[in-house]
There are 2 protein chains.
Amino acid sequence: MHNFILKGDICYSTAPTSLEIFEGGYLVCLDGTCAGVFVDLPEQYRDLSVIDCSGQLIVPGLVDLHVHAPQFPFRSLGMDLELICWLNTHTFPEEAKYMDLAYAASAYRAFVDDVRRGPNTRAVIFATRHVPATALLMDLLEASGLVTMVGKVNMDRHAPPDLVEIDAATSLADTRAWLAEVAGRYQRVSPILTPRFIPACSDALMAGLGEIQREFGLPVQSHLSENPAEVDWVMGLRPDAESYGHAYYKNGLFGGSVPTVMAHCVWPSAGEFALMKRQKVWVAHCPQSNTNLASGIAPVRRYLEAEIPVGLGSDVAAGAHTSIFRAMEDAIGASKLYWRLVDSDAAPLTLAEAFYLGTLGGGRFFGAVGSFLPGFEFDALVIDDAVIPGRVGLSIPDRLARVAHLSDARQIRRKFVRGIEIGLE
Amino acid sequence: MHNFILKGDICYSTAPTSLEIFEGGYLVCLDGTCAGVFVDLPEQYRDLSVIDCSGQLIVPGLVDLHVHAPQFPFRSLGMDLELICWLNTHTFPEEAKYMDLAYAASAYRAFVDDVRRGPNTRAVIFATRHVPATALLMDLLEASGLVTMVGKVNMDRHAPPDLVEIDAATSLADTRAWLAEVAGRYQRVSPILTPRFIPACSDALMAGLGEIQREFGLPVQSHLSENPAEVDWVMGLRPDAESYGHAYYKNGLFGGSVPTVMAHCVWPSAGEFALMKRQKVWVAHCPQSNTNLASGIAPVRRYLEAEIPVGLGSDVAAGAHTSIFRAMEDAIGASKLYWRLVDSDAAPLTLAEAFYLGTLGGGRFFGAVGSFLPGFEFDALVIDDAVIPGRVGLSIPDRLARVAHLSDARQIRRKFVRGIEIGLE
């Protein structure tokens, strides 16, 4: 089972600037894993069934390193505010609704359907602080075939009464109850520890989450240095910390042996940057969100130069679009404005680099994901780019550029996750 | 004929910050002109047929103040270069193909079909320097039902031999031949004088175009202060001019009694800004293009404050997307980054302001266009925004935000230009 071959025009990254290209190549899937890409099909695979996608583009599934599932219903609304006002005015009232399981079921179903039909195959997801709704989201995601990490959010301060958790002990007890409830329940969904951000997490809560992390060996996701006013607020709340990131670090929630992904990282201090590098903390670069909330532009070139791992995030609903192709387009654009307006030594991202970020760059957070190298999990998209009006007879990199800028879900013909085909209807 | 009523949720601008809203209102079209918007239908219109679009959004058609029709085939390609290299590497070789009428027919048909199906009802368009292909484009546009201004491009220097015009006299003679050929031929398409930009137009050509402008009373479109290196180049080419804009001005091609639209205006000098204000030169703000070519961010807030007229341009193919909804989204985003990174006194654009720019702001270049005020030409879109997944029961401004960020051509149910319905198939 799950043994087959895709034939078509294959393109994948092996490094930020290395794009591998096989026109009319064979991509072999064995037991949900890539066995390799070949110009001429080796003898040992000649009995496998070939799905002929000749003339279509075959690329790895895209990876969304940062998205808030409960925010999907209000995409594009309230975009006239900065981070903290936007959270208080739009986000927290919406998230409070997920106390109601019927509401959660309807809203989460729309989110999961949208992602399933789009180009993303993997996502690292914030739910809300509610255990039942979070488990429900995980059930829906498992059924979708996507592979995801999902976090029940922890937040015990600086949020409205109908959303905030009563105290650190309650937040921690709910987290343990959630982990117990979902343990062993899924093949494709796994829990990730999710302190919302330092302003929403008391010192006691952060300490307790550090303990849970060590006990369960969970990965961690949170937000970091998104907005200058937010950074100032954190430094006031945590005078013990040398930087925003250091506040996570002090509780053992900032990389090293703990796989950690931090969204945004727009305004790193020198110390925070060095700590991220030392701890190999993942950056979820969310260019559309950083534009929509007027946060700024993250120094992605600096992260790449420092070999700090970086992937892309849609950050719905601060980002309006779930597709990581759109995030590629936005990442390139933001890096060009950063070069022009902020730092002329920081070269703009190329299309190949943005493609890397949206596939292998973020995919590494899931292990061997985001490429077609032998041994990688078989996540693949088949895209009929020829239906996009414009020039024909293009090189594969140029076709990839057209897909990144101009495609939408309608051009996706097939989608595989771990070798299993996903329905696109 | 062309007398009818649209019933639905109506929204239009009357000024940059004034959004008029009628939930379940009646929009009356008489002889292709808006007779008004009413909550209760006045007695005198009760015999007109009502097209019931209840629950759908009705907005003015969008106006693209700057687009290059021949560049449509290579949207999204070559986005790793700045303006001058991009022109030489991608744009000029493509435009040279329009010597071949068969190629032009196929490529222009794809462009016109795309715009016809999208939300734009008006456009100010660059063709190429070729007279037959330009006339062909005008024929296709006339048949589409869109209302457009189209320019045969003038360019007699600094371009490849297969594209550049031999000399100023040839360029001017071709322009006169083109004007003679298309005179009186269209109801919906009109010629606009189109010097490509100062680097491509000799002093003799500019002087001759000034004469043609005075003789024919034509409007003018060109490019202005897009890229710092381009501005430097112009100042070297035209030591007689006090600014880039002043070079146009000296030949009578820069506003005043001459309706003039200049694309980009990213890097105005103080003198150029003052000249634009005095001459009431239109700015075609092209945020996506300015990002894609790493040109920078135009100071739109400053133009609005100075009451310099501004509209939006897609600038295909430096912009990849023809839809002016996308230009609204990009204009807001760019203005936020400008506020954050360049000038904290320049408030970001609101959704209402971006909507104004994409409708009435640019529409004024066509006369009474871009609003539903009485006497305005009846350009209207009916959009079924309810099919976009997400929150329901929203206010009309919030629904407009969802359309600007999340809609595509699929949600457009009907489209009218001057009261005539356009086919969307």
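Everything below is about the structure printed above this text.
The structure presented is a predicted model; accordingly, all values stated were derived computationally and were not measured.

1. Observations regarding helix H1 (residues 83-96) of chain A
Residue and element names in this part refer to chain A.
Okay, step 1: When the local axis directions of H1 are compared, the greatest deviation, roughly 35°, occurs at His-90, which is followed within four positions by the proline Pro-93.
Okay, step 2: Taken together, the buried positions of H1 are Leu-83, Trp-86, Leu-87, Thr-91, Phe-92, Glu-94, Glu-95 and Ala-96.
Okay, step 3: Close packing links the buried residues of H1 with strand S5 (62-68), helix H2 (101-117) and helix H6 (228-237).

2. Re the interface of chain B and chain A
Size of an interface, as often reported, equals the accessible area lost when the parts are brought together.
Okay, step 1: Contacts between the two partners involve 44 residues from chain B, matched on the other side by 44 residues from chain A.
Okay, step 2: Contact between chain B and chain A buries roughly 3,700 Å² in total, counting both sides, with carbon and sulfur atoms accounting for 59%.
Okay, step 3: Taken as a group, Lys336(B), Arg340(B) and Arg391(B) account for 17% of the area that chain B buries against chain A, more than any other trio of residues on that side.
Okay, step 4: Scanning the region where chain B abuts chain A turns up six salt bridges.
Okay, step 5: Joining chain B to chain A, the criterion identifies 22 residue pairs in polar contact (both at pLDDT 80 or more).
Okay, step 6: Elements with a minimum of two residues in the side of chain B that touches chain A: helix H9 (287-292), helix H11 (324-341) and helix H13 (396-406) of chain B.

3. Topic: the relation of the copies chain B and chain A
Okay, step 1: Turning chain B through 180° and shifting it by 0.0 Å along the axis lays it on chain A, with an RMSD of 0.0 Å. The operation mapping one copy onto its partner corresponds to a two-fold rotation axis. Residue Leu341(B), judged by its C-alpha, is the member of chain B lying nearest the rotation axis, at 3.6 Å.
Okay, step 2: The fraction of interface residues of chain B whose copies in chain A are also interface residues reaches 100%, indicating that both copies meet through the same surface.

4. A short note on the pattern of salt bridges
Residues and elements named next belong to chain A.
Okay, step 1: Considering all chains together, one arrives at 56 salt bridges over all chains under this definition.
Okay, step 2: For Glu-142, the salt bridge is made with Arg-188, and the minimal N-O distance between the two is 3.8 Å. Of this pair, Glu-142 sits in helix H3 (residues 131-144) while Arg-188 sits in the loop between helix H4 (168-182) and strand S9 (189-191), and the two are 46 residues apart along the sequence.
Okay, step 3: For Glu-142, a relative accessible area of 12% puts it in the buried group.

5. Brief notes about the sheet that holds strand S14 (residues 310-312) of chain A
All names here are of chain A.
Okay, step 1: The strand order across the open sheet built from four strands is S11-S12-S13-S14, with neighbouring strands paired in parallel fashion. If you trace the sheet from one side to the other, it starts and ends with strand S11 (220-224) and S14, each paired once. Put simply, the sheet's adjacent strands are angled 30° from each other on average, direction ignored.
Okay, step 2: Pairing of S11 with strand S12 (residues 260-264), which is carried by five bridges, proceeds in the parallel orientation. Across the sheet, the residue bridging to Leu-224 is His-264, located in S12.
Okay, step 3: Relative to the sheet, helix H12 (residues 351-363) contacts strand S13 (282-285) and S14, its axis offset from that of S14 by approximately 105°.

6. A short note on the packing of aromatic side chains
Residues and elements named next belong to chain A.
Okay, step 1: Throughout the structure, instances matching the rule amount to 30 aromatic pairs over all chains.
Okay, step 2: Note on Trp-282 and Phe-365: the rings are 5.1 Å apart at their centroids and 75° apart in plane angle, and the pair reads as edge-to-face. Note that Trp-282 is positioned in strand S13 and Phe-365 in the loop between H12 and strand S15 (380-383), a separation of 83 residues in sequence.
Okay, step 3: Taking the relative accessible area as the measure of exposure, Phe-365 reaches 7% and is therefore buried.
Okay, step 4: Here Arg-75 stacks its cationic end above the ring of Phe-72, 4.0 Å away from the centre of that ring.

7. Overview of H4(A)
Residue and element names in this part refer to chain A.
Okay, step 1: For H4, with 15 residues, the first-to-last C-alpha span of 21 Å sits near the 21 Å given by 1.5 Å per residue.
Okay, step 2: Three or more residues of H4 are buried, namely Ala-168, Ser-171, Leu-172, Thr-175, Trp-178, Leu-179 and Val-182. Looking straight down H4, one finds that the buried residues subtend no more than 120° of arc, so they occupy a single side. Residues of H4 that are exposed and point more than 90 degrees away from the buried face comprise Ala-169 and Ala-180.
Okay, step 3: Summarising the contacts, the buried residues of H4 are in contact with H3, strand S7 (147-151), strand S8 (153-154), S9 and helix H5 (203-216).
Okay, step 4: Just downstream of H4, Gly-184 is the residue with a positive phi angle, here 70°.

8. As for the packing of H11(B) against H13(B)
All names here are of chain B.
Okay, step 1: Packing of H11 against H13 leaves a shortest axis separation of 7 Å and a crossing angle of 100°. Between H11 and H13, the angle is such that the two are roughly perpendicular. Note on element contacts: H13 touches H11 through Val-403, Ala-404 and His-405, opposite Phe-325, Met-328 and Glu-329.
Okay, step 2: Of the residues contributing to the contact of H11 with H13, the split by class is four nonpolar, one polar and one charged.

9. Thoughts on the state of the cysteines
Residue and element names in this part refer to chain B.
Okay, step 1: Evaluated as defined, the whole model comprises zero disulfides over all chains.
Okay, step 2: No disulfide involves Cys-53; its sulfur sits 13 Å from that of Cys-29, the nearest cysteine.
Okay, step 3: Judged by relative accessible area, which is 4%, Cys-53 ranks as buried.
Okay, step 4: Cysteine Cys-286 is unpaired, with the sulfur of Cys-265 as its nearest cysteine sulfur at 8.7 Å.
Okay, step 5: Residue Cys-286 is classed as buried on the basis of its relative accessible area of 0%.

10. Describing the sheet that holds strand S13 (residues 282-285) of chain B
Residues and elements named next belong to chain B.
Okay, step 1: Here we have four strands laid out as an open sheet, ordered S11-S12-S13-S14, and parallel in their pairing. The open sheet is flanked by strand S11 (220-224) and strand S14 (310-312), the only strands paired with a single partner. Averaged over all pairs of adjacent strands, the angle between strand axes in this sheet comes to 30°, irrespective of strand direction.

11. Topic: the environment of Cys286(A)
Residues and elements named next belong to chain A.
Okay, step 1: Counting through the fold element by element, Cys-286 comes out in the loop between S13 and helix H9 (287-292).
Okay, step 2: Sequence spacing of Cys-286 and His-66 is 220 residues, and the spatial spacing of their C-alpha atoms is 7.7 Å.
Okay, step 3: Discounting residues that sit within four places of it in the chain, Cys-286 has contacts with His-66, His-264, Gly-313 and Asp-315.

12. Description of the nonpolar core
Okay, step 1: Among the nonpolar cores identified, the biggest contains 253 residues, and Leu6(A) and Leu6(B) are the most heavily contacted of them.
Okay, step 2: Not counting chain neighbours up to four residues away, the residues in contact with Leu6(A) comprise Gly25(A), Tyr26(A), Leu27(A), Ile51(A), Cys53(A), Ile58(A), Phe378(A), Ala380(A), Val382(A) and Phe416(A).

Reading the values: rules and limits
Residues numbered from 1 in each chain as written. Chains lettered and ligands numbered in written order. Predicted model: local features only at pLDDT ≥ 70, side-chain atom pairs only at ≥ 80, totals over all residues. Heavy atoms only, no water. Bend = angle between axes of the 7 residues up to and from the residue. Helix = DSSP H or I, 4+ residues; strand = E, 2+ residues; numbered from the N terminus. Buried < 20%, exposed > 50% of the residue type's maximum accessible area, 1.4 Å probe, protein only. Contact = heavy atoms within 4.5 Å. Buried area = accessible area lost by both parts, 1.4 Å probe. Salt bridge = Lys/Arg side-chain N within 4 Å of Asp/Glu carboxyl O. Polar contact = N/O pair within 3.5 Å; in protein donor to acceptor, adjacent residues only side chain to side chain. Least-squares fit on C-alpha atoms with pLDDT ≥ 70 in both. Pairing = 2+ DSSP bridges. Axes fitted to C-alpha atoms, helices over the stretch in contact; angles between N-to-C directions. Phe/Tyr/Trp six-rings, centres within 6.5 Å; stacked < 30°, edge-to-face > 60°. Lys NZ or Arg CZ within 6 Å of the ring centre and 35° of its normal. Expected span 1.5 Å × (residues − 1). Arc of directions from axis to C-beta. Parallel < 35°, antiparallel > 145°, perpendicular 65-115°, else oblique. Nonpolar A, V, L, I, M, F, W, Y, C, P; charged D, E, K, R; others polar. Disulfide = S-S within 2.5 Å. Core = buried A, V, L, I, M, F, W, Y, C linked by side-chain atoms within 4.5 Å.

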